[in-house]
Structures are given as C-alpha cells and as structure tokens.
Amino acid sequence: MATTAPERPKVRNSPTAYEALTKHYEKHPEERPQHPHKWDLSRSDIYFEDRWQPIVKEMQNAGPLHWIPESPYGPYWSVVGHKAIQHIEALPDIFSSSWEYGGITILERLTEEELAESNADRRELPMFIAMDRPQHTGQRRTVAPKFTPSAMTEMEAEIRQRTGELLDTLPRGEVFDWVDEVSIELTTGMLAILFGFPWEDRRMLTFWSDWSGDTELAGVRELDEMRWEFLHEMAAYFQSLWIERTKDKEPGNDLISMMVHSEAMNQMRPEEFIGNLVLLIVGGNDTTRNTMSGIIHSLDKFPDQRKLFEEQPELIPNAVQECLRMQTPLAHMRRTCTEDTEVFGKTIKKGDKVVLWYLAANHEEDIFPDPHKLDITRENARRHIAFGYGIHRCVGARLAELQLRVLLEEMHKRRMRVHVAGDVERVRANFVHGFRKLEVEITEF
C-alpha cells in the first residue's frame with residue numbers, strides 16, 4: 001500500500017484551476033481567446049458545449065488535414081483524419097514531439113524576443129512523451145515494467161477490491177456526483193499506489209493534474225505564474241519522497257523508486273523531474289477519470305447499449321474499447337515538423353506546428369460508421385487512437401483498460417444501473433476532454 005510519512009513540505013490545495021480561470025475571465029472577459037477561423041478546433045467552448053462534431057465532419061469531408069492560419073496559439077496544421085494521424089505518428093523523426101520545439105500541446109513556444117519583451121522566464125517541462133529518440137527510449141523503458149501484462153495481473157486483485165469497496169459505499173435513491181465520488185476517487189487512489197504516495201494526501205494528485213493539464217491557463221500571465229508555483233510545490237513534495245526512497249536499501253516497486261534506481265532518470269534536472277511527474281499524473285489521472293465518467297454518460301444516453309451490457313457481460317472488454325473511442329480523454333497531441341515534407345498532398349514546412357486531433361479521428365465516419373453512437377459490439381472499436389499511436393502510445397494504456405474493465409465488471413456484479421439525474425458539466429478545455437460534474441442516481445437491473 002501507499003506509505004504514510006510524518007513530515008512533508010507545505011502545499012496549497014486551492015484555488016482549483018477551474019475556479020481560477022473562471023474568476024479571471026469574469027473579471028476580464030475581453031481577454032478570452034479569439035478564434036477567427038471557422039475550423040479552429042482549439043476553441044474550448046465547442047467541447048464544453050459538446051458541439052465540435054459538425055465542425056469536425058465538415059473538415060473531414062474536405063480532407064484529412066487543413067492549414068489554420070490564425071489562432072490564439074499561432075498558425076498550425078489541423079489533422080482530423082485517422083489514417084493521416086497514424087501516418088504522421090509513424091514518422092517520429094520528421095514530426096518531433098520534443099519540448100525543444102514546443103512539446104506535445106498546441107501551446108505556442110515563445111521566441112527569445114517575446115521572452116525578453118514580457119520579462120518572463122522560459123518555462124518548459126521536458127518529459128519523456130515530449131522527447132525524441134534516444135532520450136525518449138531510455139526514460140520510457142524505466143517506467144514501462146510497471147505496466148506490463150504480468151504487472152497488470154498482479155495489480156488486478158487490489159484494483160478489484162478497491163473498486164468493489166467504493167461501489168458498495170455509494171448511496172442508493174439519492175443524487176450524487178459520479179465524477180467526484182467514483183472517477184476521481186478510483187483514479188487518484190490508483191496513482192497514489194503507483195507512486196507510493198501518502199494516502200491521506202492523494203487528492204493533491206488531482207489538484208496538480210488539473211493545474212498541469214489545462215492549456216488555457218498558460219495564456220493568462222498571472223495564472224501561469226500561479227500554475228508554476230503549484231508545480232514547484234508538487235516537485236518539493238515529490239522530492240521529499242525521492243529522498244526517502246534513496247535511503248531504502250532495496251529498490252521499491254513504486255514509480256519513484258524505479259526512477260531513483262534508473263540510470264536514465266536518476267540524474268534528471270529539476271524541470272525534467274517536474275515534467276515527468278506531470279506526465280505520469282495527467283496521463284494516469286485525467287485519461288482514466290474522464291473515461292470512467294464518459295462510460296456512465298454514454299450508457300445512459302444509449303439505453304439499448306446499456307441493456308446489451310446488462311444482458312451480455314461478455315461484451316465488457318469490447319465495451320471498454322468503444323467507450324475509450326467515444327470519450328477520447330485527450331483531444332489532441334502536437335508535433336513539430338523538422339524538415340519540409342509532403343503528407344496526403346499537402347506540403348508541411350520545417351518548423352510548422354502539426355496538431356493531431358485524436359477526438360476527430362476516433363469519430364471519422366469512414367473508419368467508424370455512425371461514429372457518434374455508442375456500439376459496444378462494434379467490431380473495430382480497438383482501432384481507436386485514444387492512447388495515441390507509434391512510439392509515443394500511452395505507456396499506461398493497459399492499466400487504464402484494466403481499471404475500466406474492472407469498474408464495469410463490478411458494477412455488473414452488483415446489478416448497478418446508473419442514471420444521469422442532474423447536472424452534466426463538461427471540461428472547458430481543448431486538451432483534456434472530459435466531465436467536471438456528472439450527477440447520477442443508482443438503481444438496479
């Protein structure tokens with residue numbers, strides 16, 4: 001189990017990223033990002049209001065990739081085709097993920113002149129998902145053993161026990177927030193176990209994940225300052241755990257111990273340490289959390305599929321894949337072109353920003369007929385690219401799939417039917433695609 005430690009650096013747990021951003025825009029509505037181009041998928045309101053689908057369809061009908069000359073994040077190529085994304089992901093040397101070019105999100109990398117003008121520090125987070133080979137290979141290899149099939153087999157009993165215990169505490173006959181009580185609790189608990197993180201402070205992982213994963217925060221100077229303060233508090237907290245693990249005579253089985261005892265990661269610079277923590281926290285938290293909420297929302301929206309789930313539990317493994325496709329918990333990843341090249345009839349120039357919209361690709365009609373309908377019998381549900389594709393495919397994909405499968409199996413065992421029974425609020429962001437609130441009520445089938 002996760003360890004409990006007496007002394008830790010002091011950390012703050014408020015305001016949440018959502019509260020801070022909402023408050024800022026209430027005071028300064030004129031600072032909201034402007035999106036003049038009709039096909040600019042970087043606008044967060046279309047995800048908050050769940051109306052991105054017609055824009056994506058129009059783009060896909062016109063071709064797999066499009067040049068967007070103007071956006072709050074600068075000009076970029078918008079890739080909405082499933083095959084085009086796989087093609088680009090399969091060329092990691094031409095389409096770089098490196099933080100040195102701007103990393104994996106749509107955010108613009110400031111030039112030296114812009115930095116000097118704004119009197120800001122260059123703040124970047126090297127992490128292995130935002131590295132190219134060979135650095136990427138060594139660091140990914142360090143944490144990969146935690147996510148092998150045999151490691152999943154070892155973890156399944158504990159995940160099942162924790163999931164079952166939590167489901168048994170949920171109220172019957174009253175409305176509650178599934179996101180807070182189930183999705184956050186299960187994923188944060190899992191992260192705490194993976195890190196060997198003090199159990200009583202586990203909700204800090206959610207707090208840091210939200211501050212790390214919201215790209216819009218970076219566009220507001222004062223909030224970006226606050227974001228970096230929180231990230232440094234996170235680093236100090238993890239540093240105290242790191243120091244403890246270095247004193248252990250035998251390497252532990254948690255992610256921090258694995259980093260401590262790895263040649264590829266035990267000499268990381270402070271920025272790299274923060275970067276890899278952010279990667280593991282956001283990767284392990286936001287993705288599974290939002291799919292756990294997405295599953296409930298989709299099963300309620302498509303009662304014929306819920307009936308199938310209730311009558312044929314053997315469909316659960318495929319249902320997990322279909323729910324991952326439907327939800328696509330990270331809407332995009334970004335690459336930077338390192339040399340002039342041609343892709344699907346378009347010339348992409350060296351230095352161009354290329355944004356891969358996984359959410360669009362997972363809802364492409366030519367690949368997934370009737371793409372906005374949940375179909376837990378869908379034969380090619382596994383072709384989704386919610387975890388990415390190629391050398392940067394999510395290292396924790398198996399763990400996410402295991403957590404989602406166990407959740408559905410344990411719900412089925414208890415004959416739980418979950419109805420959406422109140423507020424549904426989506427995340428207002430263009431990177432993390434998920435739910436902030438999902439009020440539900442439980443009955444039985």
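Cut-offs used in this document
- Residues numbered from 1 in each chain as written.
- Predicted model: local features only at pLDDT ≥ 70, side-chain atom pairs only at ≥ 80, totals over all residues.
- Heavy atoms only, no water.
- Helix = DSSP H or I, 4+ residues; strand = E, 2+ residues; numbered from the N terminus.
- Buried < 20%, exposed > 50% of the residue type's maximum accessible area, 1.4 Å probe, protein only.
- Contact = heavy atoms within 4.5 Å.
- Axes fitted to C-alpha atoms, helices over the stretch in contact; angles between N-to-C directions.
- Parallel < 35°, antiparallel > 145°, perpendicular 65-115°, else oblique.
- Nonpolar A, V, L, I, M, F, W, Y, C, P; charged D, E, K, R; others polar.
- Pairing = 2+ DSSP bridges.

Going by the annotation in an unreviewed UniProt entry, the name recorded for the protein is Cytochrome P450, with Erythrobacter rubeus given as the source organism.

A. Looking closely at the side chain of Glu185. Inspection of the secondary structure assignment puts Glu185 in helix H8 (residues 178–195). By relative accessible area, Glu185 is classed as buried at 16%. Ignoring any residue separated from it by four or fewer positions in sequence, one finds Glu185 in contact with Arg162, Leu166, Asp180, Arg202 and Arg203.

B. Layout of the packing of helix H12 (residues 270–301) against helix H13 (residues 303–311). Direction vectors running N to C along H12 and H13 enclose 110°, while the axes themselves pass 5 Å from each other. With respect to their mutual orientation, H12 and H13 come out roughly perpendicular. Here Leu299, Asp300 and Lys301 of H12 come into contact with H13, specifically with Pro303, Gln305, Arg306 and Phe309. Residues of the contact of H12 with H13, tallied by class, amount to three nonpolar, one polar and three charged.

C. Looking closely at the sheet that holds strand S2 (residues 76–79). A sheet is described by the order of its strands in space; here five strands give the open sequence S1-S2-S8-S5-S3, paired in mixed fashion. The open sheet has two edge strands with one neighbour each: strand S1 (65–68) and strand S3 (95–96). Across five bridges, the pairing between strand S5 (residues 332–337) and strand S8 (residues 353–357) is antiparallel. Bridge pairing links Arg335 to Val354 in S8. Running over the sheet, helix H4 (residues 82–89) touches S2, S3, S5 and S8 and is turned about 130° from S8.

D. A look at the packing of H12 against helix H14 (residues 316–327). Between H12 and H14, the least distance of the axes is 9 Å, while the angle of their chain directions is 100°. With respect to H14, the axis of H12 lies roughly perpendicular. Contact with H12, carried on its side by Asn290, Thr291, Gly294, Ile295 and Ser298, involves Cys323, Leu324, Met326 and Gln327 of H14 and no other residues of that element. Taken together, the residues that form the contact of H12 with H14 break down as four nonpolar, five polar and no charged.

E. The pairing of S8, seen in detail. With five of five residues buried, S8 is to be regarded as a mostly interior element. Covered by surrounding structure in S8 are Lys353, Val355 and Trp357 together with Val354 and Leu356, the residues of both alternating faces. Pairing of S2 with S8 involves three bridges; the strand directions are parallel. Across the sheet, Ser78 pairs through a bridge with Val355, a residue of S8.

F. Spotlight on the environment of Gly390. In this structure, Gly390 sits in the loop between helix H15 (358–361) and helix H16 (397–413). As a C-alpha pair, Gly390 and Gly213 span 177 residues in sequence and 22 Å in three-dimensional space.

G. Spotlight on unusual backbone geometry. Look at the link from Ser14 to Pro15: it is a cis peptide, with omega at -5°. For Pro15, the location among the structural elements is in the segment before helix H1 (17–27). Phi is positive for Asp370, close to 50°, though the residue is something other than glycine. Inspection of the secondary structure puts Asp370 in the loop between H15 and H16. Look at Asp370 and you get partly exposed, because its relative accessible area is 48%. In this structure, Arg415 is a non-glycine residue whose phi angle is positive, near 55°. Checked against the element boundaries, Arg415 lands in the loop between H16 and strand S9 (416–426). Here Arg415 falls in the partly exposed class, since its relative accessible area comes to 42%.

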